[in-house]
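Working through the structure, step by step
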Amino acid sequence: MDLHVHLTSNFTIDNLMEIAKKTKVQFGVMVNPGYGVNDDSSLKNYIEMLRPYPVYMGLQPMTPGWSKNFSPEMIAKLDYVLMDAQTIPAGNSYNDILRIWNFDTYIDDSDKFMQIYMTHILEVINNNEPLTTFGWPLFLPVCIARDYYTLWTEQRMQLIISALKKKNLNIEINDLAHTPHDRFINMAKEQGLKFTFGSDTRDQKAGRLDYCKYIAKKCNLKKSDFYFPIRIIKNT
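Here's a quick rundown of the structure. (Residues numbered from 1 in each chain as written. Predicted model: local features only at pLDDT ≥ 70, side-chain atom pairs only at ≥ 80, totals over all residues. Heavy atoms only, no water.)

This part is about the overall build of the protein. Check the secondary structure of the protein and you find eight helices and nine strands. Here the C-alpha radius of gyration of the protein, 17 Å, is about what a compact globule of 236 residues would show, namely 18 Å. In terms of its C-alpha atoms, the protein occupies a principal-axis envelope of roughly 50 × 40 × 35 Å. Burial statistics for the protein: of 236 residues in total, 53% are counted as buried. Residue pairs at least 24 apart in sequence account for 71% of intrachain contacts in the protein once pairs closer than 6 positions are excluded. (Helix = DSSP H or I, 4+ residues; strand = E, 2+ residues; numbered from the N terminus. Rg over C-alpha atoms; globule rule 2.2 N^0.38 Å. Buried < 20%, exposed > 50% of the residue type's maximum accessible area, 1.4 Å probe, protein only. Contact = heavy atoms within 4.5 Å.)

Next up, the structure:
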């Protein structure tokens, strides 16, 4: 299952269904609030557009506070909600809004950034808005990624895992970012957390999931270690 795919004007639901037919991968289609889905009416249109197809329907908010634009009843029509912590307000000493997936993300002090980042991660996890899955776990900006294994200490990883467990959230293994690594996955697995696969693609690479399959095999993940949306989908 690939539960993190986006559609575009050049990569349509029909393109995705062609891949699904060839690969037998079950897909979940995500949309970001603010990008064509801004309120109940547009969210309903999104859901109705996908309903005829054998796909799950997910929402990927980017900043806390997103749910005020939608009614609980409309959110409940989704199969899941995935959120990451990649958009960080005042993420450095210059008070820049950091979108840490961008190559030009500027970090002036790694230790200070990690403090801010951890606070933001825990805010995303612990807020009272609907959430199913924590996405892009342990991702670092390119400029400090060389220090990945130093910056992601055991203590920091455990704080994240404990927060996820308390909220009963599952963890995305992200094929695009190649995160998280095996140590984090094994720690989370030992503590009973479940996982999803996500390619986070919007093109023909949807469903490939090479990193996901590699790291799942390395960590000996079984079917029982994965989260499955409740709704039963029959492929056509």
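A separate point is the pattern of salt bridges. Inspection of every chain in the model, using the stated rule, returns five salt bridges. Residue Lys218 is joined to Asp182 by a salt bridge in which the shortest nitrogen-to-oxygen separation is 3.2 Å. With Lys218 in helix H8 (residues 210–218) and Asp182 in helix H7 (residues 182–190), this residue pair connects regions lying 36 residues apart in the sequence. Exposure remark for Lys218: the relative accessible area of 47% places this residue in the partly exposed category. Since its relative accessible area comes to 23%, Asp182 is described here as partly exposed. Residues Lys205 and Asp203 are paired through a salt bridge, measuring 2.8 Å at the closest nitrogen-oxygen approach. The class for Lys205 is partly exposed, based on a relative accessible area of 39%. (Salt bridge = Lys/Arg side-chain N within 4 Å of Asp/Glu carboxyl O.)

What follows covers the state of the cysteines. Summed over the entire model, instances satisfying the criterion amount to zero disulfides. Left without a disulfide partner, Cys212 is nearest to the cysteine sulfur of Cys219, which lies 12 Å away. Relative accessible area serves as the criterion here: at 0%, Cys212 is assigned to the buried category. (Disulfide = S-S within 2.5 Å.)

Evaluated as defined, the whole model comprises eight aromatic pairs. Each ring, one from Tyr148 and one from Tyr149, has its centre 5.4 Å from the other, and the planes form 65°; the classification is edge-to-face. Of the residues examined, Tyr148 reaches a relative accessible area of 13% and is grouped as buried. Site record: aromatic cluster; members linked through ring pairs are Phe113, Tyr117 and Trp152. (Phe/Tyr/Trp six-rings, centres within 6.5 Å; stacked < 30°, edge-to-face > 60°.)

At their nearest, the axes of helix H6 (residues 154–167) and H7 sit 10 Å apart, and the two run at 45° to each other. The pairing of H6 with H7 is recorded here as oblique in orientation. When you trace H6 past H7, the crossing you get is right-handed. Seen from H6, the contacting residues are Glu154, Met157, Gln158, Ile160 and Ile161; seen from H7, they are Arg183, Phe184, Met187 and Ala188. Looking at the contact of H6 with H7 residue by residue, the class counts come to six nonpolar, one polar and two charged. (Axes fitted to C-alpha atoms, helices over the stretch in contact; angles between N-to-C directions. Parallel < 35°, antiparallel > 145°, perpendicular 65-115°, else oblique. Left-handed = near helix turned anticlockwise from the far one by under 90°. Nonpolar A, V, L, I, M, F, W, Y, C, P; charged D, E, K, R; others polar.)

At a minimum axis separation of 10 Å, helix H4 (residues 110–126) and H6 run at an interaxial angle of 10°. Taken together, the axes of H4 and H6 are roughly parallel relative to one another. Seen from H4, the contacting residues are Asp111, Met114, Met118, Ile121, Leu122, Ile125 and Asn126; seen from H6, they are Arg156, Leu159, Ile160, Ala163, Leu164 and Lys167. Looking at side-chain class alone, the contact of H4 with H6 contains nine nonpolar, one polar and three charged residues.

The next point concerns a negative patch on the surface. Where like charges cluster on the molecular surface, the negative patch consists of Asp96, Asp108, Asp109 and Asp111. Of note, Asp109 is situated in the loop between strand S6 (98–99) and H4. Judged by relative accessible area, Asp109 falls into the partly exposed class, the value being 34%. (Patch = residues over 30% accessible without salt bridge, like charges linked within 9 Å, V, L, I, M, F, W, Y side chains within 5 Å. Areas by Shrake-Rupley, 256 points an atom, 1.4 Å probe, with all protein chains shown as cover. Lys, Arg positive; Asp, Glu negative; His and termini not counted. Charge placed at Lys NZ, Arg CZ, Asp CG, Glu CD.)

If you trace the backbone, Asn127 turns up in the loop between H4 and strand S7 (133–134). A polar atom in the side chain of Asn127 sits 3.0 Å from the backbone oxygen of Val124. Contacts of Asn127, omitting those with residues within four sequence positions, involve Pro64 and Lys167. (Polar contact = N/O pair within 3.5 Å; in protein donor to acceptor, adjacent residues only side chain to side chain.)

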